[in-house]
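Fold and geometry: a report
Each chain, written out:
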Amino acid sequence: MSEDVTQLEARGLTRHFVVRTGHGVFRPKRTVRAVDDVSLRLDAGRVTAVVGESGSGKTVLARMLARIVSPTSGELLLEGTSIRARSRRTLAYASDVQMVLQDPFGSINPVHRIRHSLERPLLIHHTPKNEVDDRAHAVLARVSLEPPERYLDRYPHELSGGQLQRVSIARALCVNPKVLLADEPISMLDVSVRLGVLNLLRGLCDNEHMAILYITHDIASARYIADETIVMYAGQVVERSNGTRLIDEPQHPYTQLLIASVPDPNNPLRRAPEVEDRNSQGLFPDVGCRFAPRCPHAMDKCRQVAPPIFTLSDDHSSRCWLHDGHAVEVSLAERAQGGSISTT
Amino acid sequence: MIEEFATLVDPNDVDDAVLEIEDFSVDYGWGDSAVHAVNNVTLSVRRSRVLGIAGESGSGKSTLVYAVTRLLRAPGVITGGTARLSFDDSSSSTDQMTTLELTTASERELRKIRWSRVSIVLQSALNALNPVLRIGHEFDEVLKTHRPDMNKSERRQRAAELLALVGLNEERLARFPHELSGGQRQRVMIALALSLDPQLVIMDEPTTALDVVTQREIINELAQLRAQFGFAMIFITHDLTLLVELADDIAVMYAGNVVEWAPARDLYDTPRHPYTLGLLSSSPPLSGERRELVGIAGSPPDMSQPLLGCSFHARCPYALDRCSQEAPPLRVIDKTGRKVACWLHDADNVVPGPLRRTVRISAPTQVVNDAVSGSNQAVVL
């Protein structure tokens, strides 16, 4: 099986933006740490989900992986070969790593037929002219837009959101990439067609051994599709685990907050979480844990020293002082009542 | 397991309705090229209750409320129906409720009830707030227009109170919209909507653009505000699970029609329309075994084409021959007073299993920590 082949690896990927704050000519500069020291591996045949709220740095991460944004520091390895972070993106890289964007209405040129959108990447990637048409047909069939002839000569406004997002995925698949970076591919779609797109991505992964990065703020969809789930907060990875464990047994207080916030009428035990100090939202402290101002379990230590990543089990890690040297159990009932984390 | 129904409320009991919509239809455009965006919708909102309207984009849910409040611009046209708003008129001496027919009301009458009786919170707070005006100015303008007796310092005082209601600091009054986060902007919108103490607040996807934690905060706040002021609410969203928590009754719209209208919990536990069932099984669950879900095949119909039969029949797994010929009316189908527009529930049909069940089937098994004995018990909820 080619399951464990790492297609794309990121080591310590970091991106800082320098912004001016306040007013006036001599206003101070401030560094926004959009992505801080993120490492991840995208394996063939696996879906890796990155979950986080807006502003958590998940899109900047995807753009760095696609090499649209150059990292401040860190290393990218494509099939084990290191790529210099500051070197330009090459055609070869783009043919291996492709991106699917959030809004299909905005990412597909509305004045051209679907055919144009699909053929352009093929021509740019030097596909022989006589193959272009066949490849465009084949790729539409791969995303279940059949028969392809029905769609090739349509304009984007003639298709529904779900169909357009499939076209967008087809466009990414045109050049036979090994890695697909999907940035919130379902958030702009209607509820009833979301599952279709998710199942399509899962199918590409299972049947064609594609490595997929699935970025979302919808933690339930990550649970549905992902082999590994990574939770980001303020540019940092705060918790990661395989399968559904992260959502079923969340350990980091932020993950717990995230899950408790999702409307889930099936679970009457759950109480709505109290979020403390919400006016501080958007401002992350420079020292200590970035989640500390909103964390119900924050200790003095959290405000002074930034927590490292603690390994909880083979494939489960969390960036929280609560897990320092202890195996921590938070029962569902306690979590539901917003109770404190107990150590066993 | 017990058969449980949430507070049984008869949606037909509209004695204390704040807003009654009857047979309401809206078109975009005229003549043959008209798009029938809303078709013969009948709904009502009762005093101090929450009506949730769920539906996908293009289902006509926003068009309906814009038309009812007469905010709809050309080429939108109200082609039929009535919408009656009931409110206590402080200017009249009697205790009687004043009723205003919104579809025929003059601009002057509308101006009286807008904001002070019915207010609206729009989806995109960034677009709804004027980007070149400070937040305080927005409040000032509303109060100046509708409460001419207030002086400047009273208005400022009131604005600060309103911001405090939604958990924002007074100093935000001096800020511009772009200086606030999405959640804060939406809070400002809610505070503005409540500024004249309306009886009915319409929320058009107020949390759709927000992330889930902020959404949760706003939903909690709305619940508190409602407990405090007792206004009725129409909450529009595409997220049916959110409505189950928030709404008393839910109306599900599809292609311009209300296809099911029932008490929230009943609708969630025992959906009766195939589209409601499909919508509910389209969101991956947060617990339980991971298994493949299918959602609803196909895509919503093209509204510019005339629809023959039920608007959902092309995507419906249980469609009968009749469904492609005749449009089903919205009718009461059981003693809970729920209304469904589906031929499957017509007299002599055998209703498919999933649409017949009386108790929820997706009861999750949860491990509840027993504080006394310290042991873990599996409890079927």
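1. Concerning the overall build of chain B
Per the secondary structure count, chain B includes 10 helices and 14 strands. Relative to its 381 residues, chain B shows a buried fraction of 44%. If you take every contact in chain B between residues at least 6 apart in sequence, the share linking residues at least 24 apart comes to 64%.

2. Side note on the overall build of chain A
For chain A, the helix and strand inventory stands at 13 helices and 14 strands. A total of 344 residues make up chain A; the buried ones form 47% of that total. Long-range contacts, defined here as pairs at least 24 residues apart, represent 64% of the contacts in chain A between residues at least 6 apart.

3. Some words on the sheet that holds strand β5 (residues 81-83) of chain A
Residue and element names in this part refer to chain A. Reading across from one edge, β2-β1-β4-β5 is the order of the four strands in this open sheet, with antiparallel pairing throughout. Looking along the sheet, the strands with just one partner apiece sit at the ends: β2 (29-43) and β5. Going across the sheet, the axis of each strand differs from the next one's by a mean of 25°, ignoring polarity. Strand direction decides the pairing type here: strand β1 (residues 6-20) and β2, joined by 11 bridges, are antiparallel. Each residue of the ladder has a partner; that of His16, found in β2, is Arg33.

4. Here's the deal with the nonpolar core
Among the nonpolar cores identified, the biggest contains 93 residues, and Ala170, Leu201, Ile212, Leu213 and Tyr214 of chain A are the most heavily contacted of them. Per element, the largest residue contribution to this core is seven residues, and it comes from helix α8 (residues 191-208) of chain A. In terms of nonpolar packing, the next biggest core, distinct from the first, is built from 92 residues, Ala125, Ala191, Ala193 and Cys342 of chain B among them.

5. Topic: helix α6 (residues 182-193) of chain B
Given 3.6 residues per helical turn, the α-helix brings residues three or four places apart onto the same face. Residue and element names in this part refer to chain B. An ideal rise of 1.5 Å per residue puts 16 Å on 12 residues; α6 measures up with 17 Å between its terminal C-alpha atoms. Judged by how many residues are buried, α6 sits mostly within the fold: 11 of 12 residues are covered. If you follow the buried residues of α6, they end up packed against β6 (118-121), α3 (125-128), α4 (135-146), α5 (152-165), β7 (200-204) and α7 (212-229).

6. What about the domain arrangement of chain B?
Residues and elements named next belong to chain B. What the domain assignment lists for chain B is domain 1 (14-117 + 198-212 + 226-381) and domain 2 (131-197). Using C-alpha coordinates to define each centre, domain 1 is positioned 31 Å away from domain 2. Each partner contributes residues to the interface: domain 1 has eight residues there, and domain 2 has nine residues. Here the residues of the side of domain 1 that touches domain 2 sort into seven nonpolar, one polar and no charged.

7. A look at the sheet that holds strand β3 (residues 47-51) of chain A
All names here are of chain A. The mixed open sheet is built from eight strands, whose spatial order is β6-β7-β8-β3-β9-β10-β12-β11. Either end of the sheet is taken by a strand with one partner, and the two such strands are β6 (97-100) and β11 (310-313). Strand-to-strand twist across the sheet, computed as the mean angle between neighbouring axes with direction ignored, equals 20°. Here five bridges tie strand β7 (residues 179-183) to strand β8 (residues 211-216), and the two strands are oriented parallel to one another.

8. Some points on the pairing of β7 of chain A
Residues and elements named next belong to chain A. Counting buried positions along β7 yields five of five residues, so the element is predominantly enclosed. Side chains Val179, Leu181 and Asp183 project from β7 onto one buried face, and the interleaved Leu180 and Ala182 project onto a second face that is buried too. The sheet contact formed by β6 and β7 spans four bridges and is parallel. Along β7, the bridge assignment pairs Met99 with Leu181. As for the winding sense of the linkage, the β-α-β connection from β7 through α8 to β8 is right-handed.

9. Focus on the confidence of the model for chain A
Residues and elements named next belong to chain A. When the pLDDT values of chain A are averaged, the result is 84; 87% of them are 70 or greater. Model confidence for chain A, summarised as mean pLDDT per element, is weakest for strand β14 (residues 342-343) at 36 and strongest for β3 at 95. This model gives residues 276-281 a pLDDT under 50, and the stretch forms 10 contacts once residues within four places in sequence are excluded. Contacts for the low-pLDDT stretch residues 327-344, under 50 throughout, to residues beyond four places or in other chains number 33 contacts.

10. Some words on helix α5 (residues 129-142) of chain A
All names here are of chain A. Compared with an ideal rise of 1.5 Å per residue, which puts 14 residues at 20 Å, α5 spans 21 Å between its outermost C-alpha atoms and is within 8% of the ideal. In this structure, the buried residues of α5 make contact with α4 (114-124), α6 (149-152) and α7 (161-173). Among the residues trailing α5, Ser144 stands out with phi positive, at a value near 60°.

11. A closer look at unusual backbone geometry
Looking along the chain, the bond that leaves Ala74 of chain B and enters Pro75 of chain B is cis, with omega of 10°. Within the secondary structure, Pro75 of chain B sits in the loop between α1 (61-68) and β4 (76-88). In this structure, Arg67 of chain A takes a positive phi of about 60° despite not being glycine. Within the secondary structure, Arg67 of chain A sits in the loop between α1 (58-65) and β4 (73-78). Looking at Arg67 of chain A, the number of C-beta atoms within 10 Å reads 19, which means it is partly exposed.

12. What to know about the environment of Ala141 of chain A
Relative to the elements of secondary structure, Ala141 of chain A occurs in helix α5. For the pair Ala141 of chain A and Ala170 of chain A, spaced 29 residues apart in sequence, the C-alpha separation works out to 8.7 Å.

13. Details of the confidence of the model for chain B
Residues and elements named next belong to chain B. Looking at chain B, the pLDDT average stands at 83 and 88% of residues meet or exceed 70. Contacts for the low-pLDDT stretch residues 1-14, under 50 throughout, to residues beyond four places or in other chains number 26 contacts. For residues 362-381, every residue scores under 50 in pLDDT, and the model assigns this stretch 29 contacts once sequence neighbours within four places are set aside. At the level of chain-chain contacts, confidence expressed as ipTM amounts to 0.80, with global pTM at 0.83.

Analysis parameters
Residues numbered from 1 in each chain as written. Chains lettered and ligands numbered in written order. Predicted model: local features only at pLDDT ≥ 70, side-chain atom pairs only at ≥ 80, totals over all residues. Helix = DSSP H or I, 4+ residues; strand = E, 2+ residues; numbered from the N terminus. Buried ≥ 20, exposed ≤ 12 C-beta atoms within 10 Å, placed from the backbone. Contact = placed C-beta atoms within 7 Å. Pairing = 2+ DSSP bridges. Axes fitted to C-alpha atoms, helices over the stretch in contact; angles between N-to-C directions. Core = buried A, V, L, I, M, F, W, Y, C linked by C-beta atoms within 7 Å. Expected span 1.5 Å × (residues − 1). Domains from an automatic or database assignment. Nonpolar A, V, L, I, M, F, W, Y, C, P; charged D, E, K, R; others polar. Right-handed = clockwise from strand over helix to strand, strands pointing away. pLDDT = per-residue confidence, 0-100.

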